[in-house]
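One-letter residues, chain by chain:
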Amino acid sequence: MMALPGGRHLDSIPLPGQRLHLMQADSVQRWMEDLKLMTECECMCVLQAKPISLEEDAQSDLILAGGPGPGDPLQLLLKRGWVISTELRRIGQKLAQDRWARVHSMSVRLACHARSMVSEYSTLSRSSSQEMGQIEKLLMEKCSELSAITERCLQVENEHVLKSMKACVSETLSTLGQHFGQLLELALTREVQALVRKINASDNIYTTESTTGNLFSLTQEGAPLCRIIAKEGGVVALFKVCRQDSFRCLYPQALRTLASICCVEEGVHQLEKVDGVLCLADILTDDSHSEATRAEAAAVVAQVTSPHLPFTQHLSSFLESMEEIVTALVKLCQEASSGEVFLLASAALANITFFDTMACEMLLQLNAIRVLLEACSDKQRVDTPYTRDQIVTILANMSVLEQCASDIIQENGVQLIMGMLSEKPRSGTPAEVAACERVQQKAAVTLARLSRDPEVAREAVRLSCMSRLIELCRSPSERNSSDAVLVACLAALRRLAGICPEGLQDSDFQQLVQPRLVDSFLLCSNMEESFV
């Protein structure tokens, strides 16, 4: 999968106003600030003569900072759904710890939240299907059952009896979770259907913009929502937008939403059904479209060709438009005005080189190596390890072609690859560290493949690549203790040593080259820093 900072287009991106705000407060302050949501819970506690919990972890209860917006059933479902899901998870945790007082008080609160969700959604939606009504009834029955059985557990002292009741509570909790999931899916499906109908029927740019924005926000809630959107015609509706000239200014937003939906198999299948690849090719090859529009189209291409999604490998329609798309992406890389645009275009190219081997030959004919290597010296376009990860991926996949070596030499590419062996994270975040490891590993792989050509091998030795490879093998900190980087470096070092053995000291040859690869790997992976 393409490596983008923060997982752009692949992972959930928190948006202002779309995520719940958590807060810590004592019970009185919490009740005052969230009176609308918490009143029922407090009343239930009083009516059942149960004091508000004073346990040490009661202060960390997760609550909503303010209720859903007025008249917004979608936000109501998302917020109430999040609260109920959280309560279900926490009840399970307390049950595992046999903390029965907490299990009961949380079960009462869960029932209140479920009742509030059902009541408020029914008020806002003003109609309900028979199926939803049945599941609502089952859900509330299970909530009452859970409250009753957990209250009885408080009165039981016999451990054997309590153990059997615990199994019953666990089963009830599981069934309740299933009913809640079914109800939430039905309600969300209904809201998605309304959004899709609104997009299809609208010829007003402001209405379409607002509705598409709502759909994009839903995609950020995760794969289950993306599946619902794809199933209910969201992909079809968005491509309809992308085929209307009157909505040109909405293309970037629509394409961004499509990229998110296509993280699931249903989204990719729908894209193929509506000739989505052809539409993307048309957008990418049309210079009248803005750079932002073409960049978002590149993001969709990157998503649907991701090598880590098995279902994208069967996208047969892509092969028909591949040459046009690859040509347009190389041009976009060359003309990119920002790092993000270059990242999206290069990520799409990187994924396409995995998708079909013909792409590498096309890239060679399009002088892509020169375009990519020139970009590496432009800090405006290439300034992060994520972008260099895409570039070195393309180089590694192209290096299987014999003609690639001469282009690399001609563009001083060996020196660039040498620099990638020294890639270091700036921030130290896990994502950036992982990206740096990938850059080092793929740089070593590229060097090993290119060193089949004696001219490349001699140039690598002249630039002290062997010294750097030895350092990466012997010093775990230089490779962040990555085994993948170690294996790649050992392979590259052995390839270079076979052509230019004079560049090695005897100890390096005896430990890193002469033994079996697995023995050298074990030796280096067990090295202590003090030994080095």
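All of these numbers come straight from a predicted model, not from anything done at the bench.

Caption draft 1: How the structure looks around the overall build of the protein. Tallying secondary structure elements over the protein gives 26 helices and 0 strands in all. Burial statistics for the protein: of 532 residues in total, 52% are counted as buried. Expressed as a percentage of contacts within the protein between residues at least 6 apart in sequence, the contacts between residues at least 24 apart total 74%. Summing over all exposed atoms, the protein offers an accessible surface of approximately 24000 Å²; the carbon and sulfur share of this is 52%.

Caption draft 2: Representation of helix H5 (residues 130-155). Counted at 1.5 Å a residue, the expected span for H5 with its 26 residues is 38 Å, and the 39 Å between its end C-alpha atoms agrees. At its buried positions, H5 is contacted by helix H4 (100-125) and helix H6 (159-201).

Caption draft 3: Highlighting the nonpolar core. Core analysis: the largest hydrophobic core is formed by 157 residues, its most contacted members being Leu255, Leu271, Val301, Phe318, Ile325, Leu329 and Ile352. No other element matches the 14 residues that H6 contributes to this core. With residues up to four places along the chain from it excluded, the contact list for Phe318 reads Val277, Val301, Thr305, Ile325, Ile352 and Phe355.

Caption draft 4: Region of the structure containing helix H11 (residues 265-273). Listing the buried residues of H11 in full gives Gly267, Val268, Gln270 and Leu271. The buried residues of H11 occupy an angular sector of 160 degrees when projected down its axis, which confines them to one face. Buried positions along H11 lie against helix H8 (223-231), helix H9 (234-241), helix H10 (251-261), helix H12 (276-285) and helix H13 (291-304). A positive phi of about 55 degrees marks Asp275, the residue just after H11.

Caption draft 5: Seen up close, the confidence of the model for the protein. Averaged over every residue, the pLDDT of the protein is 84; residues scoring 70 or more account for 84%. Ignoring residues within four places in sequence, the model shows residues 1-25, a span with pLDDT below 50, making 71 contacts including any to other chains. This model gives residues 41-70 a pLDDT under 50, and the stretch forms 60 contacts once residues within four places in sequence are excluded.

Caption draft 6: Expanded view of the state of the cysteines. Evaluated as defined, the whole model comprises 0 disulfides. Take Cys143: it sits in no disulfide, and the sulfur closest to it among the cysteines is that of Cys112, at 9.3 Å. Of the residues examined, Cys143 reaches a relative accessible area of 2% and is grouped as buried.

Caption draft 7: Region of the structure containing empty space enclosed by the protein. Evaluated as defined, the whole model comprises 2 cavities of 30 Å³ or more. Of the volumes computed, that of the largest cavity is approximately 50 Å³. Lining the largest cavity are Leu77, Met117, Val118, Tyr121, Met132, Glu136, Leu183, Leu184 and Ala187. Looking at the lining of the largest cavity, the elements with two or more residues in it are H4, H5 and H6. Considered as a void within the structure, the second largest cavity measures approximately 30 Å³ in volume. A total of 3 residues in the lining of the second largest cavity trace back to one element, the largest contributor, which is helix H17 (residues 368-375).

Caption draft 8: Highlighting the environment of Asn351. Within the secondary structure, Asn351 is located in helix H15 (residues 339-355). Separated by 44 residues in sequence, Asn351 and Pro307 have C-alpha atoms that sit 6.3 Å apart.

Caption draft 9: Layout of the side chain of His179. Secondary-structure assignment places His179 in helix H6. For His179, a relative accessible area of 13% corresponds to the buried category. In this view, His179 contacts Ile135, Leu138, Leu139 and Lys142; residues no more than four positions away in its chain are not counted.

Calculation rules
Residues numbered from 1 in each chain as written. Predicted model: local features only at pLDDT ≥ 70, side-chain atom pairs only at ≥ 80, totals over all residues. Heavy atoms only, no water. Helix = DSSP H or I, 4+ residues; strand = E, 2+ residues; numbered from the N terminus. Buried < 20%, exposed > 50% of the residue type's maximum accessible area, 1.4 Å probe, protein only. Contact = heavy atoms within 4.5 Å. Areas by Shrake-Rupley, 256 points an atom, 1.4 Å probe, with all protein chains shown as cover. Expected span 1.5 Å × (residues − 1). Core = buried A, V, L, I, M, F, W, Y, C linked by side-chain atoms within 4.5 Å. Arc of directions from axis to C-beta. pLDDT = per-residue confidence, 0-100. Disulfide = S-S within 2.5 Å. 1 Å grid on protein atoms, 1.4 Å probe; cavity = no way out; pocket = protein on both sides within 12 Å on 5 of 7 lines; lining within 4 Å. Points joined across faces, edges and corners; volume = space filled by probe spheres on them.

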